[in-house]
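# Coordinates in review
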Amino acid sequence: MNPIVDGLVRAFWLLISFDPEVYSIVLLSLVVSGAAVLVGAATGIPFGAFIALRSFMGKRVLLSVLNTLTGLPPVVVGLLVYLVLSSSGPLGPLQLLYTPQAMVIAQLVMVFPIVASVTASSVSSVDRKLRLRALSLGADGSQLTLTMLREARTGVLTAMVLAFGAAISEVGAVMIVGGNIRWFTRTLTTAILLETELGRFGIALALGIILLTLSFVINVALTRLQWSGLRR
Amino acid sequence: MGRRLLSILIVSVVLAGAVIVFQYWSYRARPVIILATTTSLYDSGLLDYLNPRFLETSNVEIQVLAKGSGESIEIAKRGDVDIVLVHSRTLEEEFIASGYGVHRVGVMYNDFIIIGPKADPAQVSGLRDAELAFSKIRETGRLRRSFFVSRADRSGTHLKELEIWQSLGLNPSSSIEPWYVEAGSGMGVALRMANEKQAYILTDRGTWISFKDQLSNLKILVEGDQVLLNPYAAIPVNPEKHYHRNFKAAVIFVKFLISDEGQRLIGDFKKGEERLFWPMARDFQMAAQLGFPDQAKEVSWYDMQPFQFRQAAVPVAAALCSRTAHSYVTARSEVEFDGAR
């Protein structure tokens, strides 16, 4: 059979057969990337807004560094996080290597610059007059930040969409720090890699289709949120 | 400042949620050890077949990392795994000599084979001499009539291949040789590359058996040379170098592998009709031939280690907070030997 048709059929069967392994893989992918994006948003959005709204020495350099880090290759992140979390590394005593937590940390390192940089650029592109008006109405720092973030919410949501897309589709970092351990740290992308190496292209493609479907569904939800926010 | 409070609240809820998820994941009901092994062994499925049986008898869970022998030993030196199951004598001996690995013991063996295109331009089919076959492959390669795919990933298979080139006084990767293709990947990928390029390649028999349905252009050409025997060694990480590793559970795993039961299971493991591994832990003569001169001593050391073990009591706090309060570190050191106390 044509491998692509075969992949589609298998993807369908895998999903409706409730194969526990496939579901554990899907769930882990979602939870790891979801946790990374949530923590990334909780830290990256305030950080990005802070950079955009304050003027300080080295702001441009910081922005350039942040923008560069958005393109950080996942394998490099994986390697660095591995060296930090390894038993012989500085955080070795925590024994986090080859656990889902390590994978969240690695993806967080990847996702943080994306969230911060996109948030910063969308906050700084909000009309300057709004800022002046808010200040003239007596807004303090945090009120100003919240107002500006509200105005830039489309951009902030874009940051989340981009971050989630980058996190769930990356394989280099989770492979190195997670180790692709069956039932424990195997995500969709590492499973696809393994199945491809084993030459089981049908299953590999099926998992790929599941991954694609998943990020499509999540993106539809986020995009709806984004546009409904804009219309209000 | 309602909004400010709200934003702080949201951030802290998210962070607290993340911490709870972290903790939830950390909880392991039973001791866990991490085993680093070779891709060829992992791909064979032997560990997926052994581990449930080991879990049943010991209540120790094995998490398997599939890496090349070189990388496995490297991460073991860093203390990131509890035990390695690898096949490269030089690396293993260096691992022992540097003090990071202890009680190396042979578990089983299979053999390497040279496979290649059915047309066999180098005329090596039926040879029983790996060196001769390699030199012929190199000759036709230099005449641009054949290719050789090398794993080039410091795996046991790759190091065996280099060893054979070395005994011919050669090092094909030292210069750019178009016939010598350095894949830098696992056994399965390299095999498929050889299949596409109609190239020769050195592989272990187990992986060949698992993959041969996908490799329509290749067949076995050279087998049966003594040099091509492929023994697997189990080596726990030295607890004196890495005290946090679960040495006791690693020893229990080795005891299982070399027990009569474990050896029987290994011998019974089949793919289709074919046996993939030959147990040899208690065949000391064979073991000595395969590079385990101390096999008898090590096996009796393992036999002397107490093997009754029980599950440690769950700490009170952990029982109260159910799955959230238990730390990974304590779970790892939970196995206690009855006999040891």
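Please read these numbers as outputs of a predicted model, since none were measured by experiment. (Residues numbered from 1 in each chain as written. Chains lettered and ligands numbered in written order. Predicted model: local features only at pLDDT ≥ 70, side-chain atom pairs only at ≥ 80, totals over all residues.)

Moving on, we get to the overall build of chain A. A tally of helices and strands in chain A yields 11 helices and 0 strands. If you list the helices and strands of chain A from N to C, you get α-α-α-α-α-α-α-α-α-α-α. For chain A, the spread of C-alpha atoms along the principal axes amounts to about 65 × 50 × 25 Å. Out of the 232 residues belonging to chain A, those deemed buried represent 45%. Expressed as a percentage of contacts within chain A between residues at least 6 apart in sequence, the contacts between residues at least 24 apart total 79%. (Helix = DSSP H or I, 4+ residues; strand = E, 2+ residues; numbered from the N terminus. Buried ≥ 20, exposed ≤ 12 C-beta atoms within 10 Å, placed from the backbone. Contact = placed C-beta atoms within 7 Å.)

Facing 28 residues of chain B, the contacting portion of chain A comprises 24 residues. Of all the secondary-structure elements, those providing two or more residues to the side of chain B that touches chain A are α1 (2-26), β2 (61-66), α8 (187-197) and α15 (328-332) of chain B. Per element, the largest residue contribution to the side of chain B that touches chain A is 10 residues, and it comes from α1(B). By residue class, the composition of the side of chain B that touches chain A is 14 nonpolar, 8 polar and 6 charged. (Nonpolar A, V, L, I, M, F, W, Y, C, P; charged D, E, K, R; others polar.)

Below, the discussion takes up helix α7 (residues 156-167) of chain B. The α-helix winds at 3.6 residues per turn, so residues separated by three or four positions along the chain end up facing the same way. With 12 residues, α7(B) ought to run about 16 Å at 1.5 Å a step, and its terminal C-alpha atoms sit 17 Å apart, in line with that. Looking at α7(B), one finds that the buried residues are B:G156, B:T157, B:H158, B:L159, B:K160, B:E161, B:I164 and B:W165. (Expected span 1.5 Å × (residues − 1).)

What follows covers the pairing of strand β9 (residues 229-236) of chain B. Residues and elements named next belong to chain B. Burial within β9 is extensive, with 7 of its 8 residues counted as buried. Pairing between strand β3 (residues 83-86) and β9: 4 bridges, direction antiparallel. Opposite L85, over in β9, you have A234 as the bridge partner. One ladder, built from 6 bridges, connects strand β4 (residues 105-117) with β9; its direction is antiparallel. Note that in β9 the partner of Y109 across the bridge is P231. (Pairing = 2+ DSSP bridges.)

Residue and element names in this part refer to chain A. Where helix α5 (residues 100-124) meets helix α8 (residues 153-169), the axes come as close as 8 Å, and the angle between the chain directions of the two elements is 160°. Classed by the angle they form, the pair α5 and α8 counts as roughly antiparallel. Relative to α8, α5 is oriented so that their crossing is right-handed. Contacts from Q107, M110, V111, I114, V115, V118, T119 and S122 of α5 reach α8 at G155, V156, T158, A159, M160, L162, A163, A166 and A167. (Axes fitted to C-alpha atoms, helices over the stretch in contact; angles between N-to-C directions. Parallel < 35°, antiparallel > 145°, perpendicular 65-115°, else oblique. Left-handed = near helix turned anticlockwise from the far one by under 90°.)

Here we come to the confidence of the model for chain B. Residues and elements named next belong to chain B. For chain B, the average pLDDT comes to 84, and 85% of its residues sit at 70 or higher. Per-element mean pLDDT across chain B ranges from 37 in α15 up to 96 in β3. Counted against residues more than four places away or in other chains, residues 309-341, with its pLDDT under 50, gives 52 contacts. Among the prediction metrics, the complex's ipTM stands at 0.77, with pTM recorded as 0.80. (pLDDT = per-residue confidence, 0-100.)

As a further point, take unusual backbone geometry. The phi dihedral of A:N180 falls on the positive side, at around 55°, and the residue is not glycine. Relative to the helices and strands, A:N180 is located in the loop between α9 (172-178) and α10 (188-197). According to the C-beta neighbour criterion, A:N180 is buried, with 23 such atoms within 10 Å. Located in the positive-phi region is B:R144, a residue other than glycine, with phi close to 65°. Residue B:R144 is classed as exposed on the basis of its 9 C-beta neighbours within 10 Å.

All names here are of chain B. According to the domain assignment, chain B contains domain 1 (13-109 + 230-332) and domain 2 (112-228). Every contact between the two is made by 19 residues of domain 1 and, on the other side, 15 residues of domain 2. For the side of domain 1 that touches domain 2, the secondary-structure elements that each account for two or more residues are α2 (39-44), α4 (69-77) and α5 (89-97). Top contributing element to the side of domain 1 that touches domain 2 by residue count: α2, with 4 residues. Of the residues assigned to the side of domain 1 that touches domain 2, the class counts are 4 nonpolar, 11 polar and 4 charged. (Domains from an automatic or database assignment.)

With that settled, consider α4(B). All of the buried residues in α4(B) are B:S69, B:S72, B:I73, B:I75, B:A76 and B:K77. Where the residues of α4(B) are buried, they touch β1 (32-37), β3, α5 and α7 of chain B.

Turning to the nonpolar core, a few remarks are in order. The biggest cluster of nonpolar side chains holds 129 residues, and the ones touching the most others in it are A:A106, A:V111, A:V115, A:V177, B:I83 and B:F253. In terms of nonpolar packing, the next biggest core, distinct from the first, is built from 31 residues, B:A130, B:A190, B:L202 and B:L218 among them. (Core = buried A, V, L, I, M, F, W, Y, C linked by C-beta atoms within 7 Å.)

As a further point, take the packing of helix α4 (residues 74-85) of chain A against α5(A). Residues and elements named next belong to chain A. Closest axis-to-axis distance for the α4/α5 pair is 9 Å, and the angle between their directions is 130°. The orientation of α4 with respect to α5, classified from their angle, is oblique. The handedness of the crossing between α4 and α5 comes out as right-handed. In this structure, α4 contributes P74, V77, G78, V81 and L85 to the contact, and α5 contributes A102, I105, A106, V109 and M110.

With that settled, consider the environment of B:V181. All names here are of chain B. Of note, V181 is situated in strand β6 (residues 180-182). C-beta crowding within 10 Å serves as the criterion here: with 20 such atoms nearby, V181 is assigned to the buried category. The sequence separation of V181 and I10 amounts to 171 residues, and the corresponding C-alpha distance is 55 Å. When near neighbours in sequence (up to four residues on either side) are disregarded, V181 contacts F147, F148, V149, S150, K197 and A199.

As a further point, take the pairing of β4(B). Residues and elements named next belong to chain B. Within β4, 11 of the 13 residues are buried, leaving the element largely enclosed by the surrounding structure. Pairing between β4 and strand β12 (residues 278-279): 2 bridges, direction antiparallel. Bridging from a neighbouring strand, M108 pairs with P279 of β12. Strand direction decides the pairing type here: β4 and strand β8 (residues 218-222), joined by 4 bridges, are antiparallel. Looking at the pairing, G116 lines up with K219 of β8.

Our focus in this paragraph is the environment of B:Q214. Looking at the secondary structure, you find B:Q214 in the loop between α9 (205-211) and β8. Sequence-distant contacts of B:Q214, that is, excluding residues within four places in its chain, are made with A:G199 and B:R192.

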